[in-house]
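# Geometric and topological summary
Each chain, letter by letter, is given below.
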Amino acid sequence: MRYRWFADENKETDEYGVPVSRAEYDEALHPQKTPLYQPMEMLAIVVVASILAYEWLAGDNALVMFLCVSFLTYELRPLAKLCLGKNGDAVSNALTGFSIATFLGTLVWMFM
């Protein structure tokens, strides 16, 4: 629930004179922590990893394996940002490019 009272009269507006509620002011001071992955995203990662493991062991279809690898490299982006610090953005962009290239290459291979 949002509330609109202020203890300090000077904080009722931002630097441009736009009215700011107390809730917006508090949210800016204490941002909410968001989880690295959402629950349904974790479920998707587990399902794709299990499909990849099955395709690897069965040796049935290499196209599905490459699609799974493409998805899993795309999902590594938040981990790269979290673990690699200032270089995480560059690695995250490289993972995005690699996953898109892998996906497009798989589509081209599928229609050949």
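The coordinates are above.
What follows is about the nonpolar core. Grouped together as the largest cluster of nonpolar side chains are 6 residues: Tyr-37, Ile-45, Val-48, Leu-52, Cys-68 and Leu-72. At 3 residues, helix H2 (residues 39-58) tops the list of elements feeding residues into this core. When residues no more than four places from it in sequence are discounted, the contact partners of Ile-45 are Tyr-37, Phe-71, Leu-72 and Glu-75.

Attention shifts here to H2. Look at H2: 29 Å from first C-alpha to last across 20 residues, which is about the 28 Å you get at 1.5 Å a residue. Buried within H2 we find Ile-45, Val-48, Leu-52 and Glu-55. Down the axis, H2 shows its buried residues gathered within 95° of arc, on one side only. For H2, the exposed residues set more than 90 degrees away from the buried face come down to Pro-39, Met-40, Val-46, Tyr-54 and Leu-57. Considering only its buried residues, H2 is in contact with helix H3 (62-74).

Relative to the 18 Å expected for 13 residues at 1.5 Å per residue, H3 spans 18 Å between its end C-alpha atoms, a close match to the ideal helical length. For H3, every residue scored as buried is listed here: Leu-63, Cys-68, Ser-70, Leu-72 and Thr-73. Among the structural elements, H2, helix H4 (77-83) and helix H5 (88-110) are those in contact with the buried residues of H3. Of the residues that open H3, the one with a side-chain oxygen 3.2 Å from the backbone nitrogen of Leu-63 is Asn-61.

This next bit is on the environment of Gly-97. Mapped onto the elements of the fold, Gly-97 is located in helix H5. Sequence separation of Gly-97 and Tyr-74 is 23 residues, and the distance between their C-alpha atoms is 8.7 Å.

Criteria and cut-off values
Residues numbered from 1 in each chain as written. Predicted model: local features only at pLDDT ≥ 70, side-chain atom pairs only at ≥ 80, totals over all residues. Heavy atoms only, no water. Core = buried A, V, L, I, M, F, W, Y, C linked by side-chain atoms within 4.5 Å. Buried < 20%, exposed > 50% of the residue type's maximum accessible area, 1.4 Å probe, protein only. Helix = DSSP H or I, 4+ residues; strand = E, 2+ residues; numbered from the N terminus. Contact = heavy atoms within 4.5 Å. Expected span 1.5 Å × (residues − 1). Arc of directions from axis to C-beta. Polar contact = N/O pair within 3.5 Å; in protein donor to acceptor, adjacent residues only side chain to side chain.

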